[in-house]
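# Geometric and topological summary
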Amino acid sequence: GENVEQHPSTLSVQEGDSAVIKCTYSDSASNYFPWYKQELGKRPQLIIDIRSNVGEKKDQRIAVTLNKTAKHFSLHITETQPEDSAVYFCAASFLGGNQFYFGTGTSLTVIP
Amino acid sequence: DAGITQSPRHKVTETGTPVTLRCHQTENHRYMYWYRQDPGHGLRLIHYSYGVKDTDKGEVSDGYSVSRSKTEDFLLTLESATSSQTSVYFCAIATGTGAFGEAFFGQGTRLTVV
């Protein structure tokens, strides 16, 4: 089955700096890559996703890039704010698949 | 809001007792999932369902069983609770085509086994 690895496990940045979280996957059949944000005590919520027919997708201060050849994808958060502090999960799946395969999460702390 | 609720939200139970967690959805989605979340392990799949009476195991299914007798309800049972099953449990539904689309999570159930 698919194996998703996520790095780093913890990340601290100064407010206003950028944060980058990286994930790799093993199954070349995977073609859908969502990112979830989980605030303390809350449920994970989708913040952005990308499908394998595009290399990059942006939504305001967040962006995701995908390198299918290298089997890795990354989440970029620019101009970080304290409310960006949370745990972020990457995931992979594919059309016709039954399961989401999650990374182990990155705890991001934005220092004011 | 994808209309998913979990019950109970918090539970404390004794070792060796059976426990059932309920996940209820209002939008007729086919796929439903149970995950547990533990520090350092992220979200680990326990069981999932792809239709009424159609279920399959995830990576950490030992000690757990599930049932789905109606589209809207997916039950997770700990047959004989152990302290290692103390965790936060999340139910999720797939709102797209199988796992090709957003997973929408319930609010979670914090289970403590003493």
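Up top you'll find the structure we're talking about.
Now for a description of the structure that goes with this document. (Residues numbered from 1 in each chain as written. Chains lettered and ligands numbered in written order. Predicted model: local features only at pLDDT ≥ 70, side-chain atom pairs only at ≥ 80, totals over all residues. Heavy atoms only, no water.)

### Looking at the packing of aromatic side chains
According to the stated counting rule, one finds 18 aromatic pairs over all chains in the structure shown. Judged by centre distance (5.8 Å) and plane angle (85°), the rings of Tyr36 of chain A and Phe105 of chain B are edge-to-face. Of the two residues, Tyr36 of chain A is situated in strand β4 (residues 32-38) and Phe105 of chain B in strand β10 (residues 98-105); the pairing between them involves two chains. The two residues Tyr36 of chain A and Phe105 of chain B agree in class, both being buried. A network of ring pairs unites the aromatic residues Tyr36, Phe100 and Phe102 of chain A together with Tyr31, Tyr33, Tyr35, Tyr48, Tyr50, Phe90 and Phe105 of chain B as a single cluster. (Phe/Tyr/Trp six-rings, centres within 6.5 Å; stacked < 30°, edge-to-face > 60°. Helix = DSSP H or I, 4+ residues; strand = E, 2+ residues; numbered from the N terminus. Buried < 20%, exposed > 50% of the residue type's maximum accessible area, 1.4 Å probe, protein only.)

### Looking at the interface of chain B and chain A
Where the parts come together, the accessible area they lose is often given as the size of the interface. Taken together, the contact between chain B and chain A spans 25 residues of the former and 19 residues of the latter. At the boundary of chain B and chain A, one finds zero salt bridges. Counting every contact that joins chain B to chain A gives seven residue pairs in polar contact (both at pLDDT 80 or more). Put simply, the parts of the chain that give the side of chain B that touches chain A at least two residues each are β4 (32-38), β5 (42-51), β9 (87-96) and β10 of chain B. Element by element, the count of residues in the side of chain B that touches chain A is highest for β10 of chain B, at eight residues. Across the side of chain B that touches chain A, the residue classes tally to 14 nonpolar, nine polar and two charged. (Contact = heavy atoms within 4.5 Å. Salt bridge = Lys/Arg side-chain N within 4 Å of Asp/Glu carboxyl O. Polar contact = N/O pair within 3.5 Å; in protein donor to acceptor, adjacent residues only side chain to side chain. Nonpolar A, V, L, I, M, F, W, Y, C, P; charged D, E, K, R; others polar.)

### What about the sheet that holds strand β1 (residues 4-7) of chain B?
Residues and elements named next belong to chain B. Strands sit in the order β1-β3-β8-β7 across an open sheet of four strands; the sheet is antiparallel. Here the strands that pair on one side only, and so sit at the sheet edges, are β1 and β7 (64-70). For this sheet, the mean angle separating the axes of adjacent strands, direction not counted, is 20°. In terms of strand pairing, strand β3 (residues 19-25) meets strand β8 (residues 73-78) through six bridges, oriented antiparallel. The residue of β8 that forms the bridge with Val19 is Leu78. (Pairing = 2+ DSSP bridges. Axes fitted to C-alpha atoms, helices over the stretch in contact; angles between N-to-C directions.)

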